[in-house]
Amino acid sequence: MVPRATFDSYYGRPIIKAPAWEARDIAGYFFLGGLAGAGSVLAAAHQATGAPRTATALKITSLGSVGLATAALIHDLGVPSRFTHMLRVIKPTSPMSVGSWLLAVYGPLAGAAAASALSGRARRAGAAATAAAAVLGPAVATYTAVLAADTAVPAWHGAHRELPYVFAGSALTAASGAALALGPRRETGAARLTALLGAAGEAAADHAMRQRLGTVASTLREGRAGRLLRTARALTAGGVALGLWSGRSRAAGVLAGTALLAGSACTRFGVFAAGIASAEDPAHTVGPQRARMAERARMAERAQAAERASEAD
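Because the structure is a prediction, the values reported are computed rather than measured.

**Looking at the environment of Ser249**
Mapping Ser249 onto the fold places it in the loop between α10 (223-245) and α11 (250-280). A distance of 3.2 Å separates the side chain of Ser249 from the backbone nitrogen of Ala252, its partner in a polar contact.

**Side note on the packing of aromatic side chains**
Counting across every chain of the model gives five aromatic pairs. With centroids separated by 5.9 Å and ring planes inclined at 15 degrees, the aromatic side chains of Trp21 and Trp156 adopt a geometry described as stacked. In this pair, Trp21 is assigned in the segment before α1 (23-48) and Trp156 in helix α6 (residues 154-157), connecting sequence segments 135 residues apart. On the basis of relative accessible area, Trp21 is assigned to the partly exposed category, the value being 25%. Residue classification places Trp156 among the buried residues on the basis of a relative accessible area of 1%.

**What to know about the side chain of Glu187**
Topologically, Glu187 is positioned in the loop between α7 (163-182) and α8 (189-213). As a buried residue without a salt bridge, Glu187 has its nearest oppositely charged side chain in Arg186, at a separation of 4.6 Å. Reaching out from Glu187, the side chain makes a polar contact with the backbone nitrogen of Arg53 at a distance of 3.5 Å. Apart from residues lying up to four places away in sequence, Glu187 is in contact with His46, Ala51, Pro52, Arg53 and Thr54.

**Considerations on the environment of Leu35**
Within the secondary structure, Leu35 sits in helix α1. Note on Leu35: relative accessible area 7%, which makes it buried. Along the primary structure Leu35 and Leu260 are separated by 225 residues, whereas in three dimensions their C-alpha atoms are 11 Å apart. When residues no more than four places from it in sequence are discounted, the contact partners of Leu35 are Thr61, Ser62, Ser65, Ala174, Ala175, Ala178 and Leu261.

**Focus: a positive patch on the surface**
A cluster of like positive charges, contributed by Arg224, Arg227, Arg230 and Arg233, occupies part of the molecular surface. Considering the arrangement of structural elements, one finds Arg233 in helix α10. On the accessibility criterion, Arg233 (43% relative accessible area) is partly exposed.

**A short note on the confidence of the model for the chain**
In this model, the chain carries a mean pLDDT of 89, and residues with pLDDT of at least 70 account for 92%. α7 holds the highest mean pLDDT among the elements of the chain, 96, whereas helix α12 (residues 282-312) holds the lowest, 74.

Cut-offs applied
Sequence positions are assigned chain by chain, starting from 1 and proceeding in written order. Local features in a predicted model are, by the rule used here, given only for residues with pLDDT of at least 70; side-chain atom pairs are given and counted only at 80 or more, and totals for whole chains, interfaces and linings are based on all residues. In computing side-chain properties, one takes all heavy atoms of the structure into account and sets aside hydrogens as well as water. Numbering of helices and strands runs from the N terminus, with a helix taken as a DSSP run of H or I at least four residues long and a strand as a DSSP run of E at least two residues long. Two N or O atoms count as a polar contact when they lie within 3.5 Å, although within protein this holds only if one can serve as hydrogen donor and the other as acceptor, and sequence-adjacent residues are included solely when both atoms are side-chain atoms. Two rings from Phe, Tyr or Trp (for Trp, the six-membered ring) form a pair when their centres are within 6.5 Å of each other. A pair whose planes differ by under 30 degrees is stacked, one over 60 is edge-to-face, and the rest are tilted. Three labels apply to residues, based on accessible area from a 1.4 Å probe with only protein chains included: buried if under 20% of the type maximum, exposed if over 50%, partly exposed otherwise in between. Under this rule, positive means Lys or Arg and negative means Asp or Glu; His and the chain ends count for nothing. The term salt bridge refers to a side-chain nitrogen of Lys or Arg lying within 4 Å of a carboxyl oxygen of Asp or Glu. By the convention used here, residues are in contact when the closest approach between their heavy atoms is within 4.5 Å. Patch rule: a residue counts if its relative accessible area is over 30% and it has no salt bridge; like charges are joined within 9 Å, and nonpolar side chains (Val, Leu, Ile, Met, Phe, Trp, Tyr) within 5 Å. All accessible-area figures derive from a Shrake-Rupley calculation using a 1.4 Å probe, and residue coverage is judged against the displayed protein chains alone. For the purpose of locating charges, the reference atoms are NZ of Lys, CZ of Arg, CG of Asp and CD of Glu. Every residue is assigned a pLDDT by the predictor, reflecting its confidence on a scale from 0 to 100.

Structure, rendered in structure tokens:
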């Protein structure tokens, strides 16, 4: 018997090619899409509960965010016509195709909702647009996680079950932060609660994600990604704590909202950096594959042992 082979790649080079995406464009796109989608949901909730000024601020924020997100995506594509070309067909199995259509449908709805709120005209049409944007909002906020997980990047693909929940919690804290920063103090009670809910959900999903990733989770703790994610946790916790006191101070609400927005942005940029780092290290590509193969072999052995035991009986 020869010793078990140890892993090494040719000249230590990566086995898969890291995405050629620019962090400023795509991580920014992740953040802005989440802020827009969750903002539409909170805008509809504030509109329904008698907080019109906060609802209007969130509608404007969602419109601006989806506009900037689309611009970032088109900039990363390099040629604007590539975006419109993706609208020639609908491919449900392609996250990029679904996402392109989401932006194409959601953007005008967010624009109509914001225009009606600002002008005070076409209130029924504005209410319908607000409701429709809120229905699409969760998908807009989380589909980017599916887009990332659909790649071969170990830190993203390995967390395909938890990453949408991480993005959902992060989006909710960002939208809550926008509400705290822009809405009047008397209308931000719901935003304080949703900020706490989003932060708790993000923390739980992040913990589950790290557990599932195993050794690949080191990319979330080390280097640029580790610094960004630690900063995100500190900003989010500080923003939630300040938000709970913002009912007494307008300045606390602005600081809390700013911290929550910055924390959400750091989360998206941190997850992006972790993905790039995992793709550049060949051990993160082969290690999880071997672990899965070993687990399947152990399961097969246990099944065979159980079959032999049943035959013996």
